[in-house]
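Secondary and tertiary structure notes
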Amino acid sequence: MCSSVKSNRIVKKSQFTFDNELSAEQRLRFAAKANLAQARLEEREEAKKRWAAKQQPQQSQKQTLLSRLKHLFLK
């Protein structure tokens, strides 16, 4: 008695109706936030590329004692 039979035919709201329910002002705010998020993502990717470019030369300059000795003896 406590629970009632529920239909399996309940229609869930889809993403297609999400856009229809927004007002013009809400759409503008949503688009502005999405654009800011995209810009931040692009900035982070650029920063990662710059950081990786700075790190590569430093790694190649590191020489072990053995490689230094080889370089001295081959001269």
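Residues numbered from 1 in each chain as written. Predicted model: local features only at pLDDT ≥ 70, side-chain atom pairs only at ≥ 80, totals over all residues. Heavy atoms only, no water.

1. Some words on the overall build of the protein chain
Broken down by element type, the protein chain carries 3 helices and 0 strands. Of the regular secondary structure in the protein chain, the N- to C-terminal order runs α-α-α. Looking at the protein chain as a whole, 1% of its 75 residues are labelled buried. Accessible surface, the protein chain: about 8,200 Å² in total, of which carbon and sulfur atoms supply 58%. (Helix = DSSP H or I, 4+ residues; strand = E, 2+ residues; numbered from the N terminus. Buried < 20%, exposed > 50% of the residue type's maximum accessible area, 1.4 Å probe, protein only. Areas by Shrake-Rupley, 256 points an atom, 1.4 Å probe, with all protein chains shown as cover.)

2. Brief notes about the pattern of salt bridges
Between side chains of opposite charge, a pair can form when the charged atoms approach closely. Within this structure, the stated rule accounts for 1 salt bridge. Of the charged contacts, one joins R29 and E25 as a salt bridge, the two residues approaching to 3.5 Å between their closest N and O atoms. Taken together, the positions of R29 and E25, both in helix α2 (residues 24-61) and 4 residues apart, correspond to about one turn of that helix. (Salt bridge = Lys/Arg side-chain N within 4 Å of Asp/Glu carboxyl O.)

3. A few points about a negative patch on the surface
Taken together, the side chains of E42, E43, E45 and E46 make up a negatively charged region of the molecular surface. Classification of E43 by relative accessible area gives exposed; the value is 55%. (Patch = residues over 30% accessible without salt bridge, like charges linked within 9 Å, V, L, I, M, F, W, Y side chains within 5 Å. Lys, Arg positive; Asp, Glu negative; His and termini not counted. Charge placed at Lys NZ, Arg CZ, Asp CG, Glu CD.)

4. Some words on a nonpolar patch on the surface
Taken together, the side chains of L65, L69, L72 and F73 present a nonpolar region at the surface, about 480 Å² in accessible area. Summarising the element assignment, F73 is placed in helix α3 (residues 65-74).

5. Focus on the confidence of the model for the protein chain
Looking at the protein chain, pLDDT values average 79 and 65% of them are 70 or higher. Here helix α1 (residues 15-18) stands out as the element of the protein chain with the lowest mean pLDDT, 58, in contrast to α2, whose mean of 88 is the highest. (pLDDT = per-residue confidence, 0-100.)

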